[in-house]
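Chain residues, written in single-letter form:
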Amino acid sequence: MNKEDIITLEDNVEYMVLDTALFNHDKYLYCVEIDEEEMPKSEYKYFKEINENGNLFAEEVEDENIIEAISAMFALNVLNNITDEEQDV
């Protein structure tokens, strides 16, 4: 799964992938819930990408230690993107 991909959970709630990060050899996704018009809502979640025999699944991250580590990684990605954009000007 990549940035801007849409994930549909079993309860038919859809999330858009905002960013991805690798942590301990696993891929994590930072996502926002979207409405029918693919507009963001106020619900943000972290998911772990699961690859079972080539089929991709998303599992919500609930471990606070992992959330703390990956949220710092996603924040660093945002800061790096801002810095890169400023240097391009």
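Thresholds, definitions, all that
Residues numbered from 1 in each chain as written. Predicted model: local features only at pLDDT ≥ 70, side-chain atom pairs only at ≥ 80, totals over all residues. Heavy atoms only, no water. Helix = DSSP H or I, 4+ residues; strand = E, 2+ residues; numbered from the N terminus. Buried < 20%, exposed > 50% of the residue type's maximum accessible area, 1.4 Å probe, protein only. Pairing = 2+ DSSP bridges. Axes fitted to C-alpha atoms, helices over the stretch in contact; angles between N-to-C directions. pLDDT = per-residue confidence, 0-100. Polar contact = N/O pair within 3.5 Å; in protein donor to acceptor, adjacent residues only side chain to side chain. Contact = heavy atoms within 4.5 Å.

1. Section: unusual backbone geometry
(1) Moving on: At glutamate 4, a position not held by glycine, the phi torsion is positive, near 75°.
(2) Moving on: Its place among the elements puts glutamate 4 in the segment before strand S1 (6–8).
(3) Moving on: The backbone phi angle of asparagine 12 is positive, close to 65°, even though this residue is not glycine.
(4) Moving on: Relative to the helices and strands, asparagine 12 is located in the loop between S1 and strand S2 (14–23).
(5) Moving on: On the basis of relative accessibility, which here comes to 62%, the residue asparagine 12 falls in the exposed class.

2. Details of the sheet that holds S2
(1) Moving on: Within the open sheet, the five strands sit side by side as S1-S2-S3-S4-S5. Their pairing is antiparallel. For this open sheet the edge positions go to S1 and strand S5 (55–60), each flanked by a neighbour on one side alone. Across the sheet, the axes of successive neighbouring strands diverge by a mean angle of 45°, strand direction being ignored.
(2) Moving on: Sheet topology note: the strand S3 (residues 26–34)/strand S4 (residues 40–52) ladder contains six bridges and is antiparallel. Its bridge partner lying in S4, leucine 29 is registered against phenylalanine 47.

3. Side note on the confidence of the model for the protein
(1) Moving on: Confidence along the protein averages 90 in pLDDT terms, with 92% of residues attaining 70 or more.
(2) Moving on: Here helix H1 (residues 64–88) is the element of the protein with the lowest mean pLDDT, 81, and S3 is the one with the highest, 96.

4. As for the side chain of aspartate 19
(1) Moving on: In this structure, aspartate 19 sits in strand S2.
(2) Moving on: At 3.0 Å, the side chain of aspartate 19 forms a polar contact with the side chain of asparagine 77.
(3) Moving on: Every residue in contact with aspartate 19, bar those within four places of it in the chain, is listed here: Lys3, Tyr28, Leu29, Tyr30, Phe74 and Asn77.

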